[in-house]
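Okay, here's what each chain looks like letter by letter:
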Amino acid sequence: MDAGDIGWWGVPIAIVGGAIRVSTPFLFVSLGETITERSGRINLGLEGTLVFGAMTAYAVTVVTLSPWLGVLAAMAAGTLFGLFHGWICKFPRVNDIAIGIALMLLGTGLAFFFGKPFIQPSAPDLPAISLGWWSDIPQVRAALQINVLFLIGAALALFLWWAFRTTRIGLVLRVVGDSSDAARAMGLNPDTVRLLATAAGGALAAIGGAYLTLYYPGSWNEGVSSGQGLMAVALVIFARWNPLGCFAAALLFGGAGALGPALQSVGVTQGYYLFYAAPYVLTLVVMILTSSPGRALAGAPGELTVAK
Amino acid sequence: MADIASRPLATDRPAPSATARLAVLRETLRETLARRAEAVVIPVAALLVGLALFSLFIAALDKSPLQFFELMWRGGFGSWFSFQNALARAAPLLLAALCVALPARLGLVVIGGEGAIVLGALAAAAIAPPLRGVPPLLVIPAMALAGMVVGGLWIGAVGALRHWRAVNETISSLLMTYIAIALMNHLVEGPLRDPASLNKPSTLPLDAAYRIGPLPGLDVHWGLVVGTVVCLAAWVLIDKTRWGFAARIVGGNVRAAQLQGLPVARLTIGFCALAGACAGLAGMIEVAAVQGSANASLAAGYGYTGILVAFLARHNPLAIVPVAILLGGVEASGGLIQRRMDLPNATVLVLQGVLFVATLFSETFYGRFKAFNPDLWKRRD
């Protein structure tokens, strides 16, 4: 038995590795959505932002050969989408959820429109750090190839958790999210705060997209996203609008997403499609378990439409 | 209410003369027109603004917007051939849009029609082969029923989760779409697979007798008629029955509806189940009239275009019919535009997105224009 043949042990290792690899987009989108939702608005359009960010990052990287410029360009595009959502939702009677659905369509459409010439060429990847040097087993080494964006995301989660609690900006965000009236009484303009919070959310969601095309799976095509942007919105509810909760939830969902490929790698092909659906089922089950009629969700911003 | 109370009672004054009656009639007509005009003018204006924005987009890419719209007209509406193509594409959109419009009466945003379409189609395709030999007059309704029951249960579950567990219906219905497509892929590649379908896993093909044919003299299948009839029925349900009225109250204020003793649970789950039944029926028609068996082509995005149709029609089932034909024409012209103007096929998607945003933005203008205020058109005595 050589080192590469570890049989069923490959499954948990592949799930852990997959969790780290697959979770990064979830992490960034859910952190972005947490900022937006903490301000009292929901942006369902992050799925469109994610796909457009994925395309922008890839296109810019193909042209400039610098993946970090790609990430920056994606952030700029995501900020624009966020600003648009935030601006249009400030008008009375404009529904933030419906606008989100429309932007999902528009963002995806624009990404496919401009991304068509970039389906063929290949772009350099974002760098990864090998933390598996101590092991002889190639699967463990592969699992512990950790992308820099994952580490940045983890640090960002910690930072946001701290910032929501202790900084002035965090406090302003939470006041606006809990009560527009209280915010106005304090002299804050809720629309401006929400505009900026949605822009920040868009920028982070676009980083999630950049990760998809620049690291894993690592190329641009029209099927690059499988609803990560949307699942991340559900994940925020599960994480109770807590950035650290987002980090844990993203890992959990990444692990669920890695279940199908992990089982396939050891030769289990039966029910492949059912395993593929595991993250969606998990999201749904989690939403059913954590939602409750009659009382508002613990930790939910008071102005949020989904929590009302 | 104050308006009615302030009017003098009919018995207070002598019988009005013919000219006075005519004046009253004219006033009522003007008031009604003003009230109705808003619901037509604003959406049409939003559509035009959307088209103008899209023209700017096309012009910015150094292409001619005029050529674009000319090709769109030619590909979707200009000839009898292309208009039939538009009608054929509109057929599934009618039912898919109802899957959004019916729950919208309760204030619910259900966007998971695609899942109900796919599973309804699968159920219809699965029930037909064991019934081989039974007259089509029985089998086709059985297929429709199977599709509607499965679709109804699927979206009904979304309503039930919303009512009893307060699970957000927008997110849950979309998640369930992914699950539905995975379920269909699993069943089509596994237990329900026709061994003869090698490259494209499918269920057993339907007997020719169980297929739905074209309308007499047309190249459009019966789904168009079914969809239109169901839209009419949905309009009657929403606008003319007490259930529709009750649903609108629930949509306006759930607490008020509960205090009134309205059966909120039954209304929520019932409307969602009806919506799902519409989508399931769309899936059944897609199998029986177009595909001939259930396979991965069923997830063609009708459910998503249906969301757009419903929002453009402002969830009015009667308006869904023209809007679905309009968008059917837009989709029908996509191929022509792509070939002639060298634009990617996502162009239609961009156009749809722009129209969607413009329509949603126009919501803010309702009640803002004086011209639409019926009081303005009253006689000043």
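Definitions and cut-offs
- For every chain, the first residue of the written sequence is number 1, and numbering continues from 1 onward in sequence order.
- To label them, take the chains in the order written and letter them from A, then take the ligands in the order written and number them from 1.
- Under the rules for a predicted model, residues below a pLDDT of 70 receive no local features and side-chain atom pairs below 80 are neither given nor counted, while totals for whole chains, interfaces and linings still include all residues.
- Put simply, DSSP marks the helices as runs of H or I at least four residues long and the strands as runs of E at least two long, and each gets a number from the N terminus on.
- Counting other C-beta atoms within 10 Å of each residue's C-beta, where C-beta atoms are placed from the backbone, gives the exposure class: buried for 20 or more, exposed for 12 or fewer, partly exposed between.
- Here the contact rule is simple: place C-beta atoms from the backbone, and any two residues whose C-beta atoms are within 7 Å are in contact.
- The predictor's confidence in any single residue is recorded as pLDDT, a number from 0 to 100.
- The nonpolar class holds Ala, Val, Leu, Ile, Met, Phe, Trp, Tyr, Cys and Pro. Asp, Glu, Lys and Arg form the charged class, and all remaining residues, Gly among them, are polar.
- To define axes, lines are fitted to C-alpha atoms, for helices over the stretch in contact only, and angles between the resulting N-to-C directions are given on a 0 to 180 degree scale.
- Oblique is the label for every angle not falling under 35 degrees (roughly parallel), over 145 degrees (roughly antiparallel), or within 65 to 115 degrees (roughly perpendicular).
- In this scheme, a crossing is called left-handed if the near helix is turned counterclockwise away from the far one by less than a right angle; it is called right-handed if the turn is clockwise.
- Throughout this description, the term nonpolar core refers to a group of buried Ala, Val, Leu, Ile, Met, Phe, Trp, Tyr and Cys residues whose C-beta atoms join them within 7 Å.

This part is about the overall build of chain B. Counting its regular elements, chain B contains 15 helices and zero strands. Its C-alpha atoms give chain B principal-axis dimensions of roughly 85 × 60 × 40 Å. In chain B, which comprises 381 residues, the proportion classed as buried is 49%. Long-range contacts, defined as pairs at least 24 residues apart, comprise 78% of the intrachain contacts of chain B with a sequence gap of at least 6.

Another point: the confidence of the model for chain B. This prediction gives chain B a mean pLDDT of 90; 94% of its residues lie at or above 70. Per the prediction output, this complex has pTM 0.89; the corresponding ipTM is 0.91.

Turning our eyes to something else, we now look at the interface of chain B and chain A. Residue-level contacts link 37 residues of chain B with 39 residues of chain A. Mapped by element, the contributors of at least two residues to the side of chain B that touches chain A are α6 (136-165), α7 (169-189), α12 (302-312) and α15 (347-362) of chain B. Of all the elements, α7(B) adds the most residues to the side of chain B that touches chain A, at twelve residues. A per-class count over the side of chain B that touches chain A returns 25 nonpolar, nine polar and three charged.

What follows covers the packing of helix α7 (residues 168-178) of chain A against helix α9 (residues 190-214) of chain A. All names here are of chain A. Running from amino to carboxyl end, α7 crosses α9 at an angle of 115 degrees, the nearest separation of the two axes being 10 Å. Judged by the inter-axis angle, α7 sits roughly perpendicular to α9. Judged by the twist between their axes, the crossing of α7 over α9 is left-handed. For the pair formed by α7 and α9, the contact residues are Val 172, Leu 173 and Val 176 on the first element and Pro 190, Val 193, Arg 194 and Ala 197 on the second. The residue makeup of the contact of α7 with α9, split by class, is six nonpolar, no polar and one charged.

Counting residues in each nonpolar core, the largest one holds 235 residues, and the members touching the most others are Leu235(A), Ala97(B), Leu98(B) and Ile320(B). Among the elements that make up this core, the one with the highest residue count is helix α11 (residues 264-291) of chain B (17 residues). When residues no more than four places from it in sequence are discounted, the contact partners of Leu98(B) are Val230(B), Cys231(B), Ala234(B), Ala275(B), Cys278(B), Pro317(B) and Ile320(B).

Cis peptide bonds are those with omega within 30 degrees of zero, and the linkage from Tyr216(A) to Pro217(A) qualifies with 5 degrees. Looking at the element boundaries, Pro217(A) is found in the loop between α9 and α10 (228-238). Of note in this structure, Arg240(A) is not a glycine but carries a positive phi near 55 degrees. Along the chain, Arg240(A) turns up in the loop between α10 and α11 (243-265). A residue is classified by how many C-beta atoms lie within 10 Å of it, and Arg240(A), with 16 of them, is partly exposed. Although it is not a glycine, Arg314(B) sits at a positive phi angle of roughly 50 degrees. Among the secondary structure elements, Arg314(B) is positioned in the loop between α12 and α13 (317-332).

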